[in-house]
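Report on the structure
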Amino acid sequence: MIKKLMGFTFLFLAVTVQAQQPFSFVALGDLPYGSAQSAYGPYRTLIERINQDAPAFSVHIGDFKSGSTHCSDEEFANQLAHFQRFKGAVVYTPGDNEWTDCHRTNNGQFDPLERLTALRQWFFTPGLSLGEKPMPVQNQSVDSSAFGRYVENVRWLHQGVMFATVHIVGSNNNLESRDIAASREFFERDAANIAWIQATFEQAQLLQASALVFAFQADVLENKTQWEDFPSWSGYRSSMGETLLPLAKKWGKPVLVVHGDSHQFRIDQPFKLEKKPLANVTRLIVPGASDVRAVKVTVKDASFSFELLSPLR
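Residues numbered from 1 in each chain as written. Predicted model: local features only at pLDDT ≥ 70, side-chain atom pairs only at ≥ 80, totals over all residues. Heavy atoms only, no water.

Okay, the sheet that holds strand β4 (residues 58–60) next. An order of β6-β5-β4-β3-β16-β17 is seen for the 6 strands of this open sheet, with the pairing classed as mixed. Edge positions in the sheet fall to β6 (130–131) and β17 (303–309), since each of these pairs with one other strand and no more. Against the sheet, helix α1 (residues 36–53) contacts β3 (23–28), β4, β16 (294–300) and β17, and its axis sits at roughly 140° relative to β17. (Pairing = 2+ DSSP bridges. Helix = DSSP H or I, 4+ residues; strand = E, 2+ residues; numbered from the N terminus. Contact = heavy atoms within 4.5 Å. Axes fitted to C-alpha atoms, helices over the stretch in contact; angles between N-to-C directions.)

Put into structure tokens, the structure is as follows:
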């Protein structure tokens, strides 16, 4: 359904949900892209707009820098300061630009695994989100001793809706057959992600959640072919094609998947299982890069509705 309000066009897609009380959250990502001089100003005014709307919390789905800026400690410090500009809580999940691609010359030729370790140290505190008023969250590193390093995978319940971030990133999720260290990292993190997705569905069932929201950075259909959505070389085959989607079908209640990577705002239902559409799984792709906007998601009257937020002028 498309509505026009005050000259602006908004797309609304209803998905059955039963929350205890209406609430809104904001999803954004792939921001800010560019130099501090060109990108920080618009991004900060977008944060001001988000603060003005006062959502229950915000979720940044990763890529807090472009793929052609340095992965330096200075950049990390600048982006941490941006997260602290959010008046409320903000949950962040890493993107590929922050670590997997940092070996590139235009990124400063950093060691990706060292940058991943730094990300975990800079941006994640067990039990708490980021933001001026952080909220309590559950971290996989605390929840499971078998996955003690994955502090970035978090989960929380709000008004009967279960939320979870999963560390799934672009660049094929760091599955690089020519790099033994990268491949090892991928398989270890993929196992952690699978366990986290499974545990999240179990918790949602136990707590009788009315809906599930998963947030991560990657466009997991980037390797889609005309024959398979998740071919054998896809770094998303196990976590998505063989775990999240089958569990979503079994669960039956609404599942919202939020990601970025593509930079094109979209709401659709592209996921299939055994070549049949999954009607209870909806996807939201947030804008990003040159499109400096966020998406306000409202859960009210048994539906999710989506509204684009622009920076304050």
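The next thing to look at is the sheet that holds strand β9 (residues 161–165). Read from one edge of the open sheet, 7 strands run β7-β8-β9-β10-β11-β15-β12, paired in mixed fashion. The open sheet has two edge strands, β7 (138–139) and β12 (266–268), and neither has a second partner.

Turning to the packing of aromatic side chains, a few remarks are in order. Here the distance between the centres and the angle between the planes together describe a pair of aromatic rings. This structure, assessed with the given rule, holds 20 aromatic pairs. Between phenylalanine 186 and phenylalanine 187 the ring centres are 4.9 Å apart and the planes differ by 70°, which places this aromatic pair in the edge-to-face class. Assessed through its relative accessible area of 4%, phenylalanine 186 is described here as buried. The exposure class of phenylalanine 187 is exposed, given its relative accessible area of 52%. An aromatic cluster is built from Phe64, Phe76, Phe83, Tyr92, Trp122, Phe123 and Phe124, whose rings are joined through pairwise contacts. (Phe/Tyr/Trp six-rings, centres within 6.5 Å; stacked < 30°, edge-to-face > 60°. Buried < 20%, exposed > 50% of the residue type's maximum accessible area, 1.4 Å probe, protein only.)

This brings us to the pattern of salt bridges. Evaluated as defined, the whole model comprises 17 salt bridges. For glutamate 176, the salt bridge goes to arginine 178, with nearest N and O atoms at 2.8 Å. Here the residues in one salt-bridge network are Arg49, Asp53 and Lys296, joined through shared partners. (Salt bridge = Lys/Arg side-chain N within 4 Å of Asp/Glu carboxyl O.)

As a further point, take the confidence of the model for the protein chain. A residue-level look at the protein chain finds 93% of positions with pLDDT of 70 or above and a mean pLDDT of 93. Contacts from residues 1–12, a stretch scored under 50 in pLDDT, to residues over four places away or in other chains number 18 contacts. (pLDDT = per-residue confidence, 0-100.)

Once that is clear, we can look at helix α2 (residues 73–83). Those residues of α2 that sit buried are Glu75, Phe76, Gln79, His82 and Phe83. Projected down its long axis, α2 carries its buried residues within an arc of 115°, all on one side. In this structure, the buried residues of α2 make contact with α1, β4, β5 (89–92), α3 (112–123) and β6. (Arc of directions from axis to C-beta.)

Before going further, it helps to examine the environment of glutamine 84. Looking at where glutamine 84 falls in the secondary structure, it is placed in the loop between α2 and β5. Measuring from C-alpha to C-alpha, the distance between glutamine 84 and leucine 130 comes to 6.7 Å, with 46 residues separating the pair along the chain.

Before going further, it helps to spend a moment on the environment of histidine 158. Here histidine 158 is to be found in strand β8 (residues 154–158). Residues histidine 158 and alanine 56, spaced 102 residues apart in sequence, show a C-alpha to C-alpha distance of 8.8 Å. Once residues lying within four places of it in the same chain are set aside, the contact partners of histidine 158 are Phe23, Ala56, Phe57 and Phe163.

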